[in-house]
Amino acid sequence: MNEEIRIHSWPCSYYLDTSKQWISGRLSLTPVAIKFTADKTGELLVNFHLSGISEIKKESSNLIFSSLTILEKNTKHWFSSLQPNRNVVFNILEHFWREQLLSNQGTGAEAGALQSTKGKELTGLLAGSQKRLEDTAKVLHYQGEQFDNIMRGLNKIEGDMDVADRLLTELESPSWWPFSSKLWKAPLEAKPKETATVSDSKNQEGIIIRIPVIITHRTDSNVKPGKLTLLASGLEISDCNSQVIHRFESKEVDDIRVHTPYEISVRQRFIGKPDTSYRLLSAKMPEVIPILEVQFSKKIQFLEDAVGFAGARKSPQVDLGTSIWQAATGLLGGVMQPESPVGGEGMDDEQVQLQSHEKISESEAKELKQILKKLKGLALETEAELERQDEALDSITTSVDRATLNIDKQNRRIKKLT
């Protein structure tokens, strides 16, 4: 992820301690840093890492009203005249600061084993790929269940149309026809009864992923922290106390716009009343967007600031899986057998020497092989499910076309009777 992506910027004033005056400019937030640029000179007056922040507070005094202070190491930075308001800026900055601290704690736990950096890097890469593939499999499994429900509904429609066809045949028979009553008494084809499977959808659909977010409703200037839960059947937005604010079923979502890799908006359109729209900002959003692409492939739109993010990741599924598999297995073989480098004859001596030093331990190699085995199994299951869904979609299309023709035929027969 590009660390120079600007997540948000706000007009404000910054207190420059050296000249004892307030400077007008813009406060900017990137995935890893906070910056302030003066309007008149364009000079970058503030630039520090989120991990260097000790405290973010809302403060005021007799001389400074409605200010935001950021304690960075031993320096206290003052920001005032924040637009749209101080609370919005505070909630967003605090969210990304806390997420940065959590990610640093996770990476710090692994920093002790410097000799196995490459092994940890490979394990993390493949574990992330496994998690995304598992999330995709959950979405595909739910879509498969939806296809099965559609097929059951179409079979029931065909059964009802068979009954209607028999009734129409009886009505079309002349009154003197001696065998007309037999059509009524003829036993209908025995069909298995549809068993109503009423179940708690929340328990069966499962949670794919849940992340902390900053929520904006419609065009309101106020924001509040909350959570986004991605379910196999839709989206659920809740507050910090896990109270549901709004739930979108998959069919209710009309469009999802990706403004940046960290910000999306979800909308449901209505006729005669305002649309239901939520704007969601999160440091964890890059983990959710690939799943949204699978679940809402025809409804998701990448705006200008997010097109690069989409293009950098987007490639055919088969090619992506193949490239991950080849890179992982090839690199694993290279670090286990450094005498036969992965790059072949095209690698220079420096690259070969560097690779020969990047060995991984036996335990890490065993863990990587287990992850690769799971990845292969998931990939095969996903491929089989996609093929099954393609066949189901063809069957659904054929059944719908056949039902449409039968309905038109029966409509013509009814018109003749009337």
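All of these numbers come straight from a predicted model, not from anything done at the bench. Along each chain, the written sequence defines residue order, and numbers are assigned to residues from 1. Since the coordinates come from a predicted model, pLDDT governs what is reported: local features require at least 70, and pairs of side-chain atoms require 80 or more to be given and counted, while whole-chain, interface and lining totals use all residues. Side-chain metrics rest on all non-hydrogen atoms present in the structure, leaving aside hydrogens and water.

1. Description of the UniProt feature "coiled-coil region" (unreviewed entry) in the protein
Now for step 1: UniProt positions are given in the numbering used here, feature names are shortened, and annotations may be inferred rather than shown by experiment. With numbering aligned to this structure, UniProt lists the feature "coiled-coil region" (unreviewed entry) at residues 365–392.
Now for step 2: Annotation note: span residues 365–392, helix share 100%, strand share 0%, distance between end C-alpha atoms 40 Å. Secondary structure is summarised from DSSP: a helix means a run of H or I of at least four residues, a strand means a run of E of at least two, and numbering begins at the N terminus for each.

2. Quick look at the sheet that holds strand 13 (residues 263–268)
Now for step 1: On the basis of which strands lie adjacent, the open sheet formed by eight strands has the order 11-10-9-8-14-13-12-15 and mixed pairing. Among the strands making up the open sheet, the edge pair consists of strand 11 (244–249) and strand 15 (300–302). The average angle at which neighbouring strand axes cross in this sheet is 30 degrees, direction not considered.
Now for step 2: Two strands pair when backbone bridges link them, and strand 8 (residues 207–217) and strand 14 (residues 276–281) are joined in this way by four bridges, in the antiparallel orientation. By the convention used here, strands pair only if DSSP detects at least 2 bridges between them. Axis lines are fitted to C-alpha atoms, over the contacting stretch for helices. Their N-to-C directions set the angle, which ranges from 0 to 180 degrees.

3. Some remarks on a positive patch on the surface
Now for step 1: Patches here are clusters of residues that have more than 30% relative accessible area and form no salt bridge, with a 9 Å joining cutoff for like charges and a 5 Å cutoff for nonpolar side chains (Val, Leu, Ile, Met, Phe, Trp, Tyr). Under the convention used here, a 1.4 Å probe and the Shrake-Rupley method define accessible areas, while residue burial counts only the protein chains that appear. What counts as a salt bridge is simple: a side-chain nitrogen of Lys or Arg found within 4 Å of a carboxyl oxygen of Asp or Glu. As used throughout, the charge tally considers Lys and Arg to be positive and Asp and Glu to be negative, leaving His and the chain termini uncounted. Where a charge sits is defined by one atom per residue type, namely NZ (Lys), CZ (Arg), CG (Asp) or CD (Glu). On the surface, K409, R412, K415 and K416 cluster together into a patch of positive charge.
Now for step 2: As for its placement among the helices and strands, R412 is situated in helix 9 (residues 362–417).

4. Observations regarding the pattern of salt bridges
Now for step 1: Using the criterion set out here, one finds nine salt bridges in the structure.
Now for step 2: Across the pair D17 and K20 runs a salt bridge whose closest N-O atoms are separated by 3.0 Å.
Now for step 3: Buried, partly exposed and exposed residues are distinguished by accessible area as a fraction of the type maximum, computed with a 1.4 Å probe on protein chains only: under 20%, between the cut-offs, and over 50%, respectively. Overall, the relative accessible area of 56% leaves K20 in the exposed class.
Now for step 4: Put simply, K76 and E59 hold a salt bridge, and the shortest N to O gap is 2.9 Å. With K76 in strand 7 (residues 75–80) and E59 in strand 5 (residues 53–59), this residue pair connects regions lying 17 residues apart in the sequence.
Now for step 5: Overall, E59 belongs to the buried group, its relative accessible area being 16%.
Now for step 6: One connected set of salt bridges, linked through shared partners, spans D255, R267, R269 and D275.

5. Looking at the environment of F79
Now for step 1: Within the secondary structure, F79 sits in strand 7.
Now for step 2: In this structure F79 comes out as buried when scored by relative accessible area, which is 0%.
Now for step 3: Sequence separation between F79 and E59 is 20 residues; the distance between their C-alpha atoms is 9.8 Å.
Now for step 4: Should any heavy atoms of two residues lie within 4.5 Å, those residues are counted as being in contact. F79 has contacts with C12, S13, Y14, W22, L27, F36, S67, L68 and I70, leaving out every residue within four places of it along the chain.

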